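# Architecture and fold: a report
Single-letter residue listing:
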Amino acid sequence: MNIEKRYPCVADLEAAAMRRIPGFMRDYLINGIGQGVAVEKNRQALNDVELMPRYLADADQPNIYCQLMGHDYNAPFGVAPIGLSGLIWPKSESILAEAAKTHNIPYTLSTLATDSLENIRQIAGDNTWFQLYTPQDPETRKDLLRRCEEAGYDTIMVTVDVPNKTRRDHDIRNGLSVPPSFDMKTVWQMVTHPHWSLRMLRAGVPQFVNLQPYHQDGYSRNIGRSIAKSSKYIEEQMGLHITTSLFEEIRAMWPGKLLVKGVLDPAEAQAYLDLGADGLVISNHGGRQLDAAPSAVSLLPRIRAAVGPEATLIADGGIRSGLDIARMLALGADFVLMGRPFLFAVGALDRRGGDHVMNLLKAELQTTMGQLGCNPLKE
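Reference entry: report on the structure contained in this document.

Rules and cut-offs
Starting from 1, residues in each chain are numbered consecutively following that chain's sequence as written. Selection of residues for local features in this predicted model requires a pLDDT of at least 70, selection of side-chain atom pairs for listing and counting requires 80 or more, and totals for whole chains, interfaces and linings are taken over all residues. The side-chain numbers reported here are obtained from all heavy atoms of the structure, hydrogens and water having been left aside. Criterion for a salt bridge: a side-chain nitrogen of Lys or Arg within 4 Å of a carboxyl oxygen of Asp or Glu. Strands here mean DSSP runs of E at least two residues long; helices mean DSSP runs of H or I at least four residues long; both are numbered from the N terminus. For the exposure calls, accessible area comes from a 1.4 Å probe over protein chains only, and a residue counts as buried if that area is under 20% of its type's maximum, exposed if over 50%, partly exposed in between. The nonpolar core is taken to be a set of buried Ala, Val, Leu, Ile, Met, Phe, Trp, Tyr and Cys residues, with the residues joined through side-chain atoms within 4.5 Å. Here, residues are in contact when the closest pair of their heavy atoms is within 4.5 Å.

## Focus on the pattern of salt bridges
- Scanning the model with the defined rule gives 12 salt bridges in all.
- The partner of R121 in a salt bridge is D126, with the nearest N and O atoms 2.9 Å apart.
- D334 serves as the salt-bridge partner of R304, at 2.9 Å between the closest nitrogen and oxygen. With a gap of 30 residues between them, R304 in helix 15 (residues 296–307) and D334 in the loop between helix 16 (322–331) and strand 10 (335–338) connect regions that are remote in the sequence.
- Residue R304 is classed as buried on the basis of its relative accessible area of 15%.
- Accessibility expressed as a relative area gives 32% for D334, which makes it partly exposed.
- Taken together, the shared-partner salt bridges connect R43, D324 and R327 into one network.

Right under this line is the structure:
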């Protein structure tokens, strides 16, 4: 199969993945919260960004290499954290971590991953970031950060836009759980999606492995009991507002780079930087938390104006192409993150997906830069 010819863009990968992923996980991946207004807004806002082409320029070989927080990367984009990604497509975390290492871009592991922070750090090395959903228990917070430091992480990403349990209508209808609840509807979806089911069977029942040590009795030999305890733990212990004092506590404990994800308000953006953040991820969580939230696109210029040219700004939300990456950079971002496109890629192509989608995004970005007459990214 000629992958380049069959899947020349993310939309083709999405269409293929939607045929291979069961409905209860497909809904979790593509939908947002409420009526999906914020998801649509993210996409429409990007579509509305126009870029002026310039041809009186020396830009025959656009250079997409970039520096971010002291690291050199081969492209100005990375993999955003996605909880339950190992349930959306089995082994997707290790597949994407390996591809990120090969392409020299960051891979961000979610606290709610189904692979361990230690194992993913071994796979992706210095290209690995860890996204922290901050536990309520101070000792658990301290231990997660200790594990990250001992594993060799340089960068953590504190997510601030999940202050309490999230209520998504489609997940309620589907009875989404980990593992899936085995009613007739779920079983039928598994039977009719054999690619996913066979890979899940080989991979084993997914678990929230990073949180297992913090259950009352630690690891359990009974898988079902362990998963149930993890789910209960997440529901009861993972939601809280990151107050000024709590952020200062995390900053004091973490010796490496610290990003804040979920920032939209320009004044709050400056406040996080004043408190010691090394950078901000301008994001409405892919439209998954507040259906009335503004898009990153609409606020990037305002936030850049508020924090100045030297602050590190990363953006996400609705990005599906190299053209969209260029749009975010033109609006004031230094770097972008994407989640869904990478899951579409592994859903469509399994182990070949990460490498393919990273190649096509880089090619699209270079093509766009050529049209804009830009050689280095700063242009």
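Right, picking up where we left off after that structure.
## What about the nonpolar core?
- In terms of nonpolar packing, the biggest core is built from 107 residues, with F77, L280 and M328 touching the most fellow members.
- Apart from the residues lying within four places of it in its own chain, the contact partners of F77 are I105, P106, I325, F335, V336, M338, F342, M358, L361 and K362.
- Counting 12 residues, the second largest nonpolar core, distinct from the first, contains M69, Y73, W129 and L337.

## Quick notes on helix 17 (residues 340–349)
- Extensive coverage of helix 17 is indicated by the burial of 10 of its 10 residues.
- Within the sequence span of helix 17, burial applies to R340, P341, F342, L343, F344, A345, V346, G347, A348 and L349.
- Positive phi shows up at D350, right after helix 17, with a value of about 55°.

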